[in-house]
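# A closer look at the structure
Read off the chains here:
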Amino acid sequence: MDSRGRAEDRHIPVLRDRILDLLAPALTEPGSVYVDGTLGMGGHAQAVLERCPNARVVGIDRDQEALALAGERLAPWGDRVTLVHAVYDEVATVVADLRIDGVQAALFDLGVSSLQLDEADRGFAYSQDAPLDMRMDQSRGLTAADVLNTYEAADLERILREYGEERFARKIAAAVVRERAVEPFTTSGRLVELLKKVVPAASQKSGGHPGKRTFQALRIEVNAELSSWASALPAAVETLAVGGRVAVLSYHSLEDRITKRVFAAGARSSAPEGLPVELPEHRPYLRLLTRGAEEPSAEEKAANPRSASARLRVAEKTRSTKGQHR
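Right, let's walk through the structure included here. Each chain has its residues counted from 1, running along the sequence as written. The predicted origin of the model limits local features to residues at a pLDDT of at least 70 and limits the giving and counting of side-chain atom pairs to 80 or more, whereas totals for whole chains, interfaces and linings rest on all residues. Hydrogen atoms and water are omitted, and side-chain values are computed over all heavy atoms in the structure.

### Quick look at the overall build of the chain
The cut-off we apply is this: Secondary structure elements are defined from DSSP: runs of H or I of at least 4 residues count as helices, runs of E of at least 2 residues count as strands, and each element is numbered from the N terminus. Exposed residues in this analysis have more than 50% of their type's maximum accessible area, buried residues have under 20%, and partly exposed residues fall in between, with area computed by a 1.4 Å probe over protein chains only. In this analysis, two residues are considered to be in contact whenever any of their non-hydrogen atoms come within 4.5 Å of each other. Per-residue and other accessible areas follow the Shrake-Rupley method at a 1.4 Å probe size, with only the shown protein chains counted as cover for residues.
Within the chain, the secondary structure is distributed over 15 helices and seven strands. For the chain, with 326 residues in total, the buried portion stands at 53%. Intrachain contacts of the chain at a sequence separation of at least 6 include 70% that bridge at least 24 residues. When the accessible surface of the chain is split by element, carbon and sulfur atoms take 51% of a total near 15000 Å².

Now the structure itself:
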């Protein structure tokens, strides 16, 4: 067992019961497949295995430590569980490699996991001094330190503004470039100290910790989260069988905007205006199962503060889209 504790003791699955209520109706038949595209520590997957005895679980995660912990947690369900080390935008390849014809339910719980936040040595949390890593998959890719030490000022500013919605992006980028010339950035503590100096005190009082937006922006850049998600969700919809359902938990507006756009496109007709008869390939292929984005209850937010920004959208596939590109 991981010396840092069991997965079930360290993670509270967000909106677990609501997600189960929406996905379980699609998982009643023997051999039904549930794909967890962001397995994390396996909380939602365990709930599916318990509630849906006919379902098998395919758990995907880019984080090898998460896969190991989830593997221990889900071991009692034996061959009903298949774990795959991959990024969620590889979902179509994973499903094809496993020779699965159609997926009955899928979940994507986006953003940084409790595991990654809780481990000081991963560098995700601005509350602890740690190496500036922030890679969800520590076996490949640029670290947050690489981004801070090598990107041009204009690129740093763009990342902070777009991904962190940081009002002081230009000032922060200029300060980073100035400071790295003295000594490269290696730890989160030094970055936090810089941010405390650069972000005006009034903004720190009203807008929360000065590191919040910068750390979010760096994490999204390091893990290519938005570009991965923009390609992952359409691919996931394509893998669904007719009647299959997909649930998405987003934690900031940029992720949720992509989800909303993909779902809205699938839920409306693509027929050109004025066409007298709607051809089958123009009919909507998704039915929205949530009204807008649902939030956790006040009770859940109080019990699990990390759920506070969560937004849930769920859709059902109503017709085949095989061979059709929209």
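### Quick notes on the nonpolar core
Definition in use: Only buried Ala, Val, Leu, Ile, Met, Phe, Trp, Tyr and Cys residues count toward a nonpolar core, and they belong to the same one when joined by side-chain atoms within 4.5 Å.
Formed by 61 residues in total, the largest nonpolar core has its most connected members in Val35, Trp229 and Val246. If one sorts the elements of this core by residue count, helix 13 (residues 225-239) sits on top with seven residues. Residues within four places of Val246 in sequence aside, it is in contact with Leu23, Ala106, Phe108, Leu233, Val237, Leu240, Phe263, Arg313, Val314 and Ala315. Judged by nonpolar contacts, the second largest core, of 30 residues, contains Tyr34, Leu39, Val48 and Cys52.

### Quick word on the packing of aromatic side chains
Defined as follows: Pairs were defined over the aromatic rings of Phe, Tyr and Trp, the Trp ring being its six-membered one, requiring ring centres within 6.5 Å. Orientation was assigned from the angle between planes: stacked under 30 degrees, edge-to-face over 60, tilted for the rest.
The tally for this structure, following the rule as stated, stands at three aromatic pairs. Between the aromatic rings of Tyr88 and Trp229, the centroid separation amounts to 5.7 Å while the plane-to-plane angle is 80°, which identifies the pairing as edge-to-face. Of this pair, Tyr88 sits in the loop between strand 3 (81-85) and helix 5 (91-97) while Trp229 sits in helix 13, and the two are 141 residues apart along the sequence. Given a relative accessible area of 0%, Trp229 falls into the buried group. Seen from their ring centres, Phe108 and Trp229 are 5.2 Å apart, and the 55° between their planes marks the pair as tilted. Here Phe108 is found in strand 4 (residues 103-109), whereas its partner Trp229 is found in helix 13, with 121 residues between them in sequence. Comparing Phe108 with Trp229 shows no difference in burial state: the two are buried.

### Observations regarding the side chain of Asp61
Here is the rule we go by: Within this scheme the basic residues Lys and Arg register as positive and the acidic residues Asp and Glu register as negative, but His and the chain ends are omitted. A carboxyl oxygen of Asp or Glu within 4 Å of a side-chain nitrogen of Lys or Arg is what we treat as a salt bridge. Under this definition, polar contacts are N or O atom pairs within 3.5 Å; protein pairs additionally need one hydrogen-donor-capable and one acceptor-capable atom, and for neighbouring residues in sequence, both atoms have to be side-chain atoms.
Note that Asp61 resides in strand 2 (residues 55-61). We note that Asp61 is buried and unpaired, the nearest opposite charge coming from Arg62 at a distance of 6.1 Å. Polar contacts involving the side chain of Asp61 include one to the main-chain amide nitrogen of Leu39, which spans 3.3 Å. Here Asp61 is in contact with Thr38, Leu39, Gly40, Ala66, Leu67, Val84, His85 and Ala86, once residues within four sequence places are set aside.

### As for the pairing of strand 3
In plain terms, the rule: Pairs of strands are assigned from DSSP output, requiring at least two bridges between the strands. Handedness of a crossover: with both strands directed away from the viewer, a clockwise path from the first strand across the helix to the second marks it as right-handed.
Taken together, the five bridges between strand 2 and strand 3 define a ladder with parallel strand orientation. Opposite Ile60, over in strand 3, you have Val84 as the bridge partner. With helix 4 (residues 64-74) bridging strand 2 and its parallel neighbour strand 3, the resulting β-α-β unit is right-handed.

### Focus on the side chain of Thr214
Note that Thr214 resides in helix 12 (residues 212-222). Setting aside residues no more than four positions away along its own chain, Thr214 makes contact with Leu160, Glu166, Ile172, Leu191 and Leu195.

### Here we look at the pairing of strand 4
Side-chain positions along a regular strand alternate between the two faces of the sheet. The buried fraction of strand 4 amounts to seven of the seven residues, a majority that puts the element mostly inside the structure. With three bridges connecting them, strand 1 (residues 32-36) and strand 4 associate as parallel partners. In the sheet register, Tyr34 faces strand 4, and the bridge partner there is Ala105. As defined by bridge partners, strand 4 adjoins strand 5 (residues 240-250) across six bridges and the pair is classed as parallel. Looking at strand 5, one finds that Val103 is bridged to Leu240.

### Quick word on the pattern of salt bridges
Between side chains of opposite charge, a pair can form when the charged atoms approach closely. Per the stated rule, a full pass over the model turns up 14 salt bridges. A salt bridge links Arg219 to Glu225; the shortest N-O distance between them is 2.8 Å. Residues Arg219 and Glu225 agree in their burial class; the two are buried. Among the charged side chains, a salt-bridge network with shared partners connects Glu157, Arg161 and Arg170.

### Brief notes about the sheet that holds strand 3
Definition in use: A fitted line through C-alpha atoms represents every axis, and for helices the fit uses only the stretch in contact; the resulting angles, taken between N-to-C directions, go from 0 to 180 degrees.
Across the sheet, which stays open at both edges, the seven strands sit in the order 3-2-1-4-5-7-6 with mixed pairing between neighbours. Strand pairing shows two members of the sheet lacking a second neighbour, strand 3 and strand 6 (286-288), which therefore form its edges. Shown here is a sheet whose adjacent strand axes are inclined to one another by a mean of 20°, direction ignored. In this sheet, strand 2 lies alongside strand 1 in parallel orientation, the contact comprising five bridges. Counted as the bridge partner of Ser32 is Ala55 from strand 2. On the sheet, helix 2 (residues 16-23) packs against strand 1, strand 4, strand 5 and strand 7 (311-317) and is oriented at approximately 165° with respect to strand 5. Where helix 13 meets the sheet, it contacts strand 4, strand 5, strand 6 and strand 7, and its direction lies at approximately 150° from that of strand 5.

Keep in mind that these numbers describe shape and distance, not what the molecule does.
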